[in-house]
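# Fold and geometry: a report
Take a look at the letters that make up each chain.
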Amino acid sequence: MSISKLKRLKVIRAGRNSLSGPIPTGIGECQSLEVLGLSQNQLEGSLPRDLHKLQNLTDLILWQNHLSGLIPPEIGNISRLQLLALHVNSFRECSQRTWEVIAAKTIVIYTNQLNGSIPSELGNCTML
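Cut-offs used in this document
- Residues numbered from 1 in each chain as written.
- Predicted model: local features only at pLDDT ≥ 70, side-chain atom pairs only at ≥ 80, totals over all residues.
- Heavy atoms only, no water.
- UniProt positions renumbered as here; feature names shortened; annotations may be inferred.
- Helix = DSSP H or I, 4+ residues; strand = E, 2+ residues; numbered from the N terminus.
- Buried < 20%, exposed > 50% of the residue type's maximum accessible area, 1.4 Å probe, protein only.
- Contact = heavy atoms within 4.5 Å.
- Areas by Shrake-Rupley, 256 points an atom, 1.4 Å probe, with all protein chains shown as cover.
- Lys, Arg positive; Asp, Glu negative; His and termini not counted.
- Charge placed at Lys NZ, Arg CZ, Asp CG, Glu CD.
- Core = buried A, V, L, I, M, F, W, Y, C linked by side-chain atoms within 4.5 Å.
- Salt bridge = Lys/Arg side-chain N within 4 Å of Asp/Glu carboxyl O.

The name an unreviewed UniProt entry assigns to the protein chain is Leucine-rich repeat receptor-like serine/threonine-protein kinase, from the organism Prunus yedoensis var. nudiflora. UniProt's Subcellular location (unreviewed entry) comment on the protein chain is quoted here verbatim: "Membrane".

## Things to note about the overall build of the protein chain
A tally of helices and strands in the protein chain yields one helix and nine strands. The N-to-C order of helical and strand elements in the protein chain reads β-β-β-β-β-β-β-β-α-β. Principal-axis analysis of the C-alpha atoms places the extent of the protein chain at approximately 45 × 25 × 20 Å. Residues counted as buried form 41% of the 128 residues belonging to the protein chain. For the protein chain, the share of sequence-separated contacts (at least 6 apart) that also reach a separation of at least 24 residues comes to 43%. Within the structure as shown, the protein chain displays about 6,800 Å² of accessible surface, and the carbon and sulfur contribution to it stands at 49%. Taken together, the 12 basic and 9 acidic charged side chains of the protein chain have centroids lying 9 Å from each other.

## What to know about the nonpolar core
Within the largest apolar cluster, 29 residues are counted, with the highest numbers of intra-cluster contacts made by Leu 36, Leu 47, Leu 60 and Leu 81. Every element with two or more residues in this core is listed here: β6 (66–71) and β8 (90–94). What Leu 60 contacts, discounting residues up to four positions off in sequence, is Leu 36, Leu 51, Ile 75, Leu 81, Leu 83, Leu 84 and Ala 85.

## Thoughts on the pattern of salt bridges
Enumeration according to the criterion identifies four salt bridges in this entry. One salt bridge in this structure joins Lys 7 and Glu 29, with 3.7 Å as the shortest N-O distance. In this pair, Lys 7 sits in the segment before β1 (11–13) while Glu 29 sits in the loop between β2 (20–21) and β3 (35–37), placing the two residues 22 residues apart along the sequence. Take Lys 7: its relative accessible area is 43%, and that puts it in the partly exposed class. You can call Glu 29 partly exposed: its relative accessible area is 24%.

Okay, here's the thing in structure tokens:
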């Protein structure tokens, strides 16, 4: 069974396990999802681009994994997002667009491989 078939699923909390591999493709089809909590696992790869389809998502908790690449700008389109916890991963880049539109009240991204200056667009995060 594919996770994309779980249309009414509201909460995934599977932290502190030994889950490995990428975050499943099709996670964006779980349109009722409010909490995606997969911290302290062995997940790797990049964040799925279809995360922006999770318009009911309030908490995206993916800290302490082996996730890498770009923090996709589409995350900024999740209008109900309150908590974005991506710390202790290997993200290298965060799009300027992400900071322009993100509505999260709490953003935790320390211990990654981000570089450069703090973007002025962070000032647009009025709920922070």
